[in-house]
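# Working through the structure, step by step
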Amino acid sequence: ISDDVDVRYHEVTFNFLEDSMAKFSKSYAAYRITKAKAYEMDKKFSNELAKLMYFYNENRSKMVTNGAVNSLLIKVDDLKGLLGDNIKMVLERESKLDSLVKQSDDMLNETKVFTKRSKSLKSKMKRQHFYYYIIAAVFGFLVIYFLAAEVCGGFTFKGCRTGNER
């Protein structure tokens, strides 16, 4: 169909055929095309076909480069989309990292407060145990004192004194 050596020109040739078919279909109804006799529409459509041929012959090199440019523009648009998605993901990641850093700082502050409170509670409990030991020692001393006083004849310990002291 095309005697072009460069394969890029084949697309232009096929575009010409598609355009001529589209214009022909627009110009004539489908029932009229199917019932037409040979060369019946030649005189009316030959002017349109000549305009199309002239347009495609004059702009052939521009169409090839436009195709390449369009292809590159499509690739650039795809890259823009990918870069936009990557930037969105990086920003989301950054916000998640910021959130994690804030949470870790909050947890660090909470652990400091917890450590301080646990140390104060530990010292309070040690003091409380110390007070219990003192109370138990005083109570034990009093019990021993009262038992000794009972055995020795009263609080003055008259019955437990040695013979010289009487």
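In this text the structure is predicted, and so the values were computed from the model without any measurement. (Residues numbered from 1 in each chain as written. Predicted model: local features only at pLDDT ≥ 70, side-chain atom pairs only at ≥ 80, totals over all residues. Heavy atoms only, no water.)

## A look at the overall build of the protein chain
What counts is decided by this rule: Under the DSSP-based scheme used, a helix requires at least four consecutive residues in state H or I and a strand at least two consecutive residues in state E, with every element numbered from the N terminus. We call two residues in contact whenever any of their non-hydrogen atoms come within 4.5 Å of each other. Note that accessible areas follow from Shrake-Rupley with a 1.4 Å probe, and for residues the cover is restricted to the protein chains shown.
Helix and strand counts for the protein chain stand at four helices and zero strands. In the protein chain, the succession of α and β elements from N to C terminus is α-α-α-α. Considering only residue pairs separated by 6 or more positions, the protein chain has 40% of its internal contacts joining residues 24 or more positions apart. Only carbon and sulfur atoms are counted for the fraction: they give 63% of the accessible area of the protein chain, which is about 14700 Å².

## Quick look at the pattern of salt bridges
What counts is decided by this rule: What makes a salt bridge here is a side-chain nitrogen of Lys or Arg within 4 Å of a carboxyl oxygen of Asp or Glu, nothing more.
Applying the stated criterion to the full structure yields one salt bridge. Here Lys 102 and Asp 106 are joined by a salt bridge, their closest N and O atoms 3.8 Å apart. Here Lys 102 pairs with Asp 106, and both are found in helix H4 (residues 60–151), just four residues apart, close to one helical turn.

## A short note on unusual backbone geometry
Convention followed: Relative accessible area decides the class of each residue, using a 1.4 Å probe on protein chains only: under 20% of the type maximum gives buried, over 50% gives exposed, and in between gives partly exposed.
Phi at Tyr 39 is positive, roughly 60 degrees, even though this residue is not glycine. The residue Tyr 39 is located in the loop between helix H2 (30–34) and helix H3 (42–58) in this model. Look at Tyr 39 and you get exposed, because its relative accessible area is 72%.

## Overview of a nonpolar patch on the surface
Counted only if it meets this: To count toward a patch, a residue needs a relative accessible area over 30% and no salt bridge; like charges are then connected within 9 Å, while nonpolar side chains (Val, Leu, Ile, Met, Phe, Trp, Tyr) are connected within 5 Å.
A surface patch of nonpolar side chains, amounting to about 1100 Å² of accessible area, comprises Phe 130, Tyr 131, Tyr 132, Ile 134, Ile 135, Val 138, Phe 141, Leu 142, Phe 146 and Phe 155. Along the polypeptide, Ile 135 turns up in helix H4.

## A look at H3
What counts here: Expected span of a helix: the number of residues minus one, times 1.5 Å.
Over its 17 residues, H3 extends 23 Å from the first C-alpha to the last, a length consistent with the 24 Å expected when each residue adds 1.5 Å. Considered for burial, the residues of H3 that qualify are Phe 45, Leu 52 and Tyr 56.

## Topic: the side chain of Ser 20
Tracing the chain through its elements places Ser 20 in helix H1 (residues 8–27). Filtering out sequence-adjacent residues up to four positions away, Ser 20 remains in contact with Phe 45, Leu 49 and Leu 52.

## Observations concerning the confidence of the model for the protein chain
Here is the rule we go by: For every residue, the predictor states its confidence as a pLDDT score lying anywhere from 0 to 100.
Model confidence for the protein chain is summarised by a mean pLDDT of 85, while 90% of its residues fall at 70 or above. Confidence, expressed as mean pLDDT per element, reaches its minimum in the protein chain at H1 with 84 and its maximum at H4 with 90.

## A word on the packing of aromatic side chains
For the record, the criterion: Any Phe, Tyr or Trp ring, taking Trp's six-membered ring, that has another such ring centre within 6.5 Å forms a pair; planes under 30 degrees apart are called stacked, those over 60 apart edge-to-face, and the others tilted.
A full pass over the atoms with the stated rule returns six aromatic pairs. Here the aromatic rings of Phe 55 and Tyr 56 are separated by 5.6 Å at their centres, their planes lie at 90 degrees, and the arrangement is edge-to-face. We classify Phe 55 as partly exposed; its relative accessible area is 42%. Residue Tyr 56 is classed as buried on the basis of its relative accessible area of 5%.

## Focus on the environment of Leu 52
Here Leu 52 is to be found in helix H3. Classification of Leu 52 as buried rests on a relative accessible area of 8%. C-alpha separation for the pair Leu 52 and Ser 20, spaced 32 residues apart in sequence, amounts to 7.1 Å. Look past the residues within four positions of Leu 52 in its chain and what remains in contact with it is Phe 16, Asp 19, Ser 20 and Lys 23.

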